[in-house]
Amino acid sequence: MLKATLKGLLSRKLRLILAGFAVVLGVMAVSAAMVTTATIGSGFDSIFASTNADIDVSVSKKSDVDSGVGGKGFAPPVAASAVQEIAKVPGVRSAQGQVSVDGARPVGHDGKVISVQGPPRSGVAWHGETGLVRLWEGRGPKSPNEVAINGGLADRGQFKVGQTIDVLTLAPRQTFTIVGIYGYSNGRGSMGGDTQVAFTEPVAQKLMLGASDVYSSITVTADPGVSRTVLKTRIAQALDGTYNVRTGDEVASATAADGKAFLEIVRMVLLGFSGLSLLVGIFLILNTFNILVAQRTGELALMSALGARRRQIIGSVLVEALLVGAGASIVGIGLGIGVSVLLKMVMEANSGASLPVGLIVPVSQLVLAFAIGVAVTLVAALLPAVKASRVPPIQAMRASAAEQRSLTRITVLGVVPTVVGIAAVVASLADLGSLRWVALTGGIVLGLFGLALLTPALSRSLLPALGRVVGWSMPSKLGNRNAARNPRRTAITVSTMVITLGLVGGVSVLAQSMKADLSGSATRDLGADLVISGDGVTARAGGGGIGGPPSAADGRIMPTFSASVIDKAQDVPGVSRAVAQYVDTVQLPSGSSPAAAADLSQLSPVLKLTGSPRTPAPGSVVVDEDTLSKQGLHVGGTIRLATQRAGWREFRIAGSYEATYLLRGPVFNPSEVPNLFVSDAPAIGYVQLADGADAAAAARAVTALVADNPEVTVQDQTQLAADAANQVSIAETMLYVLLGLSVVIGILGIINTMALSILERTRELGLLRAIGMRRSHMVQMVVTESVLMSLFGAVLGLVAGGAAGVAVSTVLGLSALEIPWVSLAVFLGLAVVAGLLAALAPSTRAAKVNVLSAIAYE
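Residues numbered from 1 in each chain as written. Predicted model: local features only at pLDDT ≥ 70, side-chain atom pairs only at ≥ 80, totals over all residues. Heavy atoms only, no water.

In this structure, Val59, Ile149, Ile165, Phe199, Ile218, Val220 and Ile235 are the most contacted members of the largest nonpolar core, which totals 46 residues. Top element by residues in this core is helix H5 (residues 201-209). It accounts for five residues. The residues contacting Val220, other than those within four sequence positions of it, are Ile55, Asp56, Val57, Val59, Ile86, Val92, Ser94, Ala95, Leu231 and Ile235. Counting residues in hydrophobic clusters, the runner-up holds 39 residues, among them Met497, Leu739, Ala834 and Val849. (Core = buried A, V, L, I, M, F, W, Y, C linked by side-chain atoms within 4.5 Å. Buried < 20%, exposed > 50% of the residue type's maximum accessible area, 1.4 Å probe, protein only. Helix = DSSP H or I, 4+ residues; strand = E, 2+ residues; numbered from the N terminus. Contact = heavy atoms within 4.5 Å.)

And the structure:
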């Protein structure tokens, strides 16, 4: 039985290879995720372990504000007096204050900020050559206008000793002279691709921390014989609870974890694509084995008549599936390792530094990936195997293919979940509180499950209608009838297209509605004609940003500009009002929230705030009504919150307002910004023009005021709306790329079905040729069949996905609901192209059928 199975496998190797392609893609993505995270993660561990090798204990202030990506954000500075206090602790050999903060943005020779993807851009205080730092050229900075830079920055910006460099920090752009270039004891010019600018200590304190005689942390060296753990305990007991005391090893682990945060995004993307590939792969494998089993009914029945038991027949099919799954998984693991190598190279190219480790291959995790690939293949082949074993030998030997079964039962089974799912989705549109999303999610899942069961019945009514659109000729009619010949097979074949284009349709409707909502909010809530801001700051101010640069909550400094810009803008001819808005993040008991500070008497008409809130007095805040409602607070009461610099405090609630796209969360008095916010410079400026003013001339004049700041731009309402919509477009494009790869699997499913169907209908095709059908007619017939199935799957998927997108948009409460008809039409057109591509090989084979051999085929 095993020999017969292996010989049969070799005779069908091409079809099974195509079926296993989905498993290859899925396992490749899983393997790539595992190898990439292991390799790059190990590299970061090695880098930061060496960086902190000379640190026994590190002391810093605790951050009370969560960052937007997990962990804590900006840490308040440590007073210089803490250095002497720690130096008195028994077992301390030395204690030295350090300044090292992410947020020194160097400007290149082209006038643009030198950006890095992931690694920090640090501003540090120069303390000379230590056990880690080594001067390569020149010397360290001695005067306030001098800096040294690390080799990574020198390479990226093509800087040399003696040249000048402009740097953006908490202060506006400043020019310094490069007096030295340094590297590290391991011979590298950067730590994981970071850039560093080393100032004199007083300058670093002022520019990076916003105050004098403060440090970002204190590094402590232990006396000989004193362990790091013991010294950590002693220092923690000597300080109050506002300090974070860690050993060098703990600092290295935490720093590496921060550096590896973006790896989690890469891992989730790869695993998401893997899950989608394996899901649609199940349908592809299921359909392939269903057809193969149907074509081998006579062969399997003969084996049964010769004494083969049911478990042997099931085993023969599962052995084929096992070999396909094992082979596909091995290939997928190999390709996954190759993808990991490419990702490592890309990361090293972007960061400008190579990792200190080679490729790390986690064997145990790859074994799991192999097992997943094999398990998916076996599960998909199990049902066809069981069906093959249940066919009576006598009945099977009389039929060359499986008989058609009634669709009544499966249709009834599909109607029930479909109706229940639609009812749940409709119910979710009402105010059900916390059950709203449960009803929506459950309704969509039930509806899609019901649609899958109804697809065979729908194919009988929709395929003829679509067939009349595709073509009226006799070959086209035959192709239409062939597509509808086996509804169950057609349903499984198009399932991959339904899933993929269903996701595409849902994403398209949701994305289009979100873009309309964001762009509409950006202009509807804005009475200003011009907005001055850094990239992504406006979205962050209202808490509605998607992607973009981080706010100060994650420890980095957001783009700001000098407050004098607002004063100068007020003097520009044609300007009636110029208002500054300071932006930061605060911590509420329920989580982090955007925060602002502004003169509300000036800001209210610019942002069209309801309630006419007044500027709060120091010690008071004005809070948006949504936050008040969620926190159970009211005007006149108090709110407890933590700011970046001052930590937890109580503020009196002096008023409220309705949140807008550009303003959400607590609003403080501008005079309190230096003591509460990370930066005391405004992040947004609003310029309102007088009636009849020359808008173009005013825009040019205001733009000239920030010409020296490459991070800040001036936008009108149209540009601001487009920028808001662009945030969604970036995420939408990424999803389309991943879903596009899944369409490839759907095309393979149609190719496999068509090729096996051509083989199954060899005698029929021969008879058609014998009665006069030309080769071109054969090609047209097969192409029509392929295009119809692809179009059928696309229509079902886009309609179902679009309906789900409408429901989600409604539940989200978006102010606009838009259907991207043009995009959906393009996707339909792409489905037709997919059907044409899928028909190339099968139609060619059908046209080449030898008439006499085909008629004699059994």
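Back to the text.
Attention shifts here to the sheet that holds strand S14 (residues 243-247). On the basis of which strands lie adjacent, the open sheet formed by four strands has the order S3-S13-S1-S14 and antiparallel pairing. Two strands close off the open sheet at either side, each with one partner strand: strand S3 (92-98) and S14. When strand polarity is set aside, the average angle formed by the axes of neighbouring strands in this sheet is 20°. Contacting strand S1 (57-61), S3, strand S13 (217-222) and S14, helix H6 (residues 228-238) runs over the sheet at an angle of about 170° to S14. (Pairing = 2+ DSSP bridges. Axes fitted to C-alpha atoms, helices over the stretch in contact; angles between N-to-C directions.)

Now for the pattern of salt bridges. Following the criterion strictly, the structure yields eight salt bridges and no others. Of the charged contacts, one joins Arg105 and Glu711 as a salt bridge, the two residues approaching to 2.7 Å between their closest N and O atoms. With Arg105 in strand S5 (residues 105-107) and Glu711 in the loop between helix H22 (695-705) and strand S23 (712-716), the pair connects residues that are 606 residues apart, well separated along the chain. Here Arg105 falls in the buried class, since its relative accessible area comes to 2%. In this structure, Arg173 engages Asp166 in a salt bridge whose closest nitrogen and oxygen atoms are separated by 2.8 Å. Its relative accessible area of 26% is what places Arg173 among the partly exposed residues. Members of the salt-bridge network, linked through shared partners, are Asp56, Arg228 and Asp249. (Salt bridge = Lys/Arg side-chain N within 4 Å of Asp/Glu carboxyl O.)

For helix H15 (residues 474-485), with 12 residues, the first-to-last C-alpha span of 16 Å sits near the 16 Å given by 1.5 Å per residue. Of the surrounding elements, those touching the buried residues of H15 are helix H14 (436-470), helix H16 (487-524), helix H24 (762-770) and helix H25 (775-812). (Expected span 1.5 Å × (residues − 1).)

For the coordinates displayed, the defined rule picks out five aromatic pairs. Aromatic pair Tyr182 and Tyr184: ring centres 6.2 Å apart, planes at 85°, arrangement edge-to-face. Residue Tyr182 is classed as buried on the basis of its relative accessible area of 1%. One aromatic cluster in this structure is built from Trp126, Tyr182 and Tyr184. (Phe/Tyr/Trp six-rings, centres within 6.5 Å; stacked < 30°, edge-to-face > 60°.)

At their nearest, the axes of H24 and H25 sit 10 Å apart, and the two run at 135° to each other. Between H24 and H25, the interaxial angle falls into the category oblique. For the pair H24 and H25, the crossing hand works out as right-handed. When H24 is examined against H25, the residues Leu765, Leu768 and Arg769 are found in contact with a partner set consisting of Arg775, Met778 and Met781. Grouping the amino acids of the contact of H24 with H25 by side-chain chemistry returns four nonpolar, no polar and two charged. (Parallel < 35°, antiparallel > 145°, perpendicular 65-115°, else oblique. Left-handed = near helix turned anticlockwise from the far one by under 90°. Nonpolar A, V, L, I, M, F, W, Y, C, P; charged D, E, K, R; others polar.)

Another point: the packing of H14 against H15. Where H14 contacts H15, the two axes come as close as 9 Å, and the packing angle between them is 160°. On the basis of the axis angle, H14 is roughly antiparallel to H15. The handedness of the crossing between H14 and H15 is right-handed. On the side of H14, the interface is formed by Leu463, Pro464 and Gly467, while H15 contributes Asn480, Ala483 and Ala484. Class assignment of the residues belonging to the contact of H14 with H15 gives a composition of four nonpolar, two polar and no charged.

An α-helical turn contains 3.6 residues, so any two residues separated by three or four positions project in the same direction. Here H25 spans 55 Å end to end across 38 residues, near enough to the 56 Å set by a 1.5 Å rise per residue. Note on H25: the residue one or two positions beyond its end, Gly813, has a positive phi of about 75°.

Taken together, Val341, Leu342, Met345, Leu359, Val361, Val363 and Val367 make up a surface patch of nonpolar side chains, about 590 Å² in accessible area. Of all the secondary structure elements, the ones that give two or more residues to the nonpolar patch are helix H10 (310-351) and helix H11 (363-389). Top element by residues in the nonpolar patch is H10. It accounts for three residues. Within the element layout of this structure, Val341 appears in helix H10. Among the residues examined, Val341 registers a relative accessible area of 33% and is labelled partly exposed. (Patch = residues over 30% accessible without salt bridge, like charges linked within 9 Å, V, L, I, M, F, W, Y side chains within 5 Å. Areas by Shrake-Rupley, 256 points an atom, 1.4 Å probe, with all protein chains shown as cover.)

Positive phi is not limited to glycine here, since Gln158 has a value of about 55°. Inspection of the secondary structure puts Gln158 in the loop between helix H4 (151-157) and strand S9 (164-168).

Attention shifts here to the side chain of Asn669. Topologically, Asn669 is positioned in the loop between strand S21 (667-668) and helix H21 (673-676). Of note is the side chain of Asn669, whose polar atom sits 2.7 Å from the side chain of Ser671. Apart from the residues within four sequence positions on either side, Asn669 is in contact with Ala597, Thr615, Pro616, Ala617 and Pro618. (Polar contact = N/O pair within 3.5 Å; in protein donor to acceptor, adjacent residues only side chain to side chain.)

Here the focus is the environment of Ile86. Structurally, Ile86 is set in helix H3 (residues 81-87). Owing to a relative accessible area of 1%, Ile86 belongs among the buried residues under this scheme. For the pair Ile86 and Ala238, spaced 152 residues apart in the sequence, the C-alpha separation amounts to 7.6 Å. Among residues more than four places away in sequence, those in contact with Ile86 are Val59, Val92, Ala95, Ile218, Val220, Ile235 and Leu239.

That is the geometry; function is a separate question.
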